[in-house]
Amino acid sequence: MKGKVYLVGAGPGDPELLTLKALRLLRQADAVLHDDLVSPQILTLVSRKAHLHDVGKRAGRKSARQEEIHFLMIELARQGLQVVRLKGGDPLVFGRAGEEMHALRQAGVEFEVVPGVTSALAAAASVEIPLTLRQTASSLLIMTGQFADDRPVPDLRPLIASGTTIALYMPGPDPRAMVEKLAAAGVPRHTPCALISRASTSMQQTSFTTLEKLPGVAAQAKPALLIVGEVVRLAK
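Calculation notes
Residues numbered from 1 in each chain as written. Predicted model: local features only at pLDDT ≥ 70, side-chain atom pairs only at ≥ 80, totals over all residues. Heavy atoms only, no water. Core = buried A, V, L, I, M, F, W, Y, C linked by side-chain atoms within 4.5 Å. Buried < 20%, exposed > 50% of the residue type's maximum accessible area, 1.4 Å probe, protein only. Helix = DSSP H or I, 4+ residues; strand = E, 2+ residues; numbered from the N terminus. Contact = heavy atoms within 4.5 Å. Pairing = 2+ DSSP bridges. Axes fitted to C-alpha atoms, helices over the stretch in contact; angles between N-to-C directions. Phe/Tyr/Trp six-rings, centres within 6.5 Å; stacked < 30°, edge-to-face > 60°. Salt bridge = Lys/Arg side-chain N within 4 Å of Asp/Glu carboxyl O.

(A) Representation of the nonpolar core. Membership of the largest hydrophobic core comes to 18 residues, with the highest contact counts inside it found for Ala123, Ile129, Ile196, Leu225 and Ile227. Listing elements by their share of this core, those giving two or more residues are α5 (119-126), β7 (165-169), β8 (192-197) and β10 (224-228). No other element matches α5, which puts 4 residues into this core. Leaving out residues up to four positions away in the same chain, Ile227 has contacts with Ala123, Ala124, Ile129, Leu131, Thr165, Ile166, Pro192, Cys193, Ala194, Ile196 and Val232.

(B) Spotlight on the sheet that holds strand β2 (residues 31-34). Taken together, 5 strands build an open sheet; the order of strands is β3-β2-β4-β1-β5 and the sheet is parallel. Of all strands in the sheet, those with a lone pairing partner are β3 (51-54) and β5 (111-114), marking the two edges. Going across the sheet, the axis of each strand differs from the next one's by a mean of 20°, ignoring polarity. Relative to strand β4 (residues 82-87), β2 is paired through 4 bridges, and the arrangement is parallel. Bridging across to β4, His34 finds its partner in Leu86. Across the sheet, helix α4 (residues 97-107) is in contact with β1 (4-9), β4 and β5; its angle to β1 comes to roughly 170°.

(C) Broad picture of the packing of aromatic side chains. Taken as a whole, this structure holds 1 aromatic pair when the rule is applied. A centroid spacing of 5.1 Å and a plane angle of 55° characterise the contact between Phe94 and Tyr169, whose relative ring orientation is tilted. Of this pair, Phe94 sits in the loop between β4 and α4 while Tyr169 sits in strand β7, and the two are 75 residues apart along the sequence. A relative accessible area of 39% places Phe94 in the partly exposed class. The class for Tyr169 is buried, based on a relative accessible area of 8%.

(D) Spotlight on the sheet that holds β8. Overall, mixed pairing links the 5 strands, which are arranged β6-β7-β10-β8-β9 in an open sheet. For this open sheet the edge positions go to β6 (140-144) and β9 (205-210), each flanked by a neighbour on one side alone. Taken pair by pair, the neighbouring strands of this sheet meet at an average axis angle of 20°, ignoring direction. Pairing geometry for β8 and β10, over 5 bridges, is antiparallel. Bridge pairing in β10 links Cys193 to Val228.

(E) The arrangement of the pattern of salt bridges in detail. According to the stated counting rule, one finds 14 salt bridges in the structure shown. Here Glu100 ties to Lys87 by a salt bridge, and the two come within 2.9 Å at their closest N and O atoms. Linking Glu100 in helix α4 with Lys87 in strand β4, this pair joins segments that are 13 residues apart in sequence. For Glu100, a relative accessible area of 0% corresponds to the buried category. When salt bridges that share partners are traced, they join Lys2, Lys4, Lys21, Glu110 and Glu112 into one network.

(F) Representation of unusual backbone geometry. Positive phi outside glycine occurs at Phe94, with the angle close to 55°. Phi at Gln135 is positive, roughly 70°, even though this residue is not glycine. Residue Gln135 is classed as exposed on the basis of its relative accessible area, which comes to 87%.

The analysis is restricted to geometry; functional conclusions fall outside its scope.
Take a look at the structure:
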């Protein structure tokens, strides 16, 4: 039997937000390589015959190196296994799927990407923030607060002037530094924002504030996402 790798999005945490295809693949898998951000409830849906491999990456803790993940995916597929590489949210949104697709192509291993609900959509839905809105926000910018080489945030002034909503993934452990980066990029300090962690789960935490007051907000559990823009005023 020919092996294959499926890069599957597990969504934000709520098992009911899995796609039907993702659920079918989890039930048919021979091996599942999962991230730390995949909820325990979703892992209970994995086939009992499947071997689970925790390959999560979390700051300050021992993590699997990306090269090790590539090696494991390729070797399992070459053994003829159906391999699910299970990622929190969507594989193509800050999920390192690009690196993994490249490694699989180089190895000649067949793969398929199965999208999932990304955190920005689940976080906004949970507190009823419209990420786009006529006459208020005509575009959505998805960006990370943690560049691989510590690059500065790009100039956001033109986007802010057009009313763009910003969904900031992985805002980092130092909110003061993040506020300074966004302000230097042209985001006004009085802009409303919502800090949402563990969206869609029973452990969700949400804080509404402004950018300038964000450093005073109590630390929240990870993972967290920051929504910045005028549309935050419309939250429930």
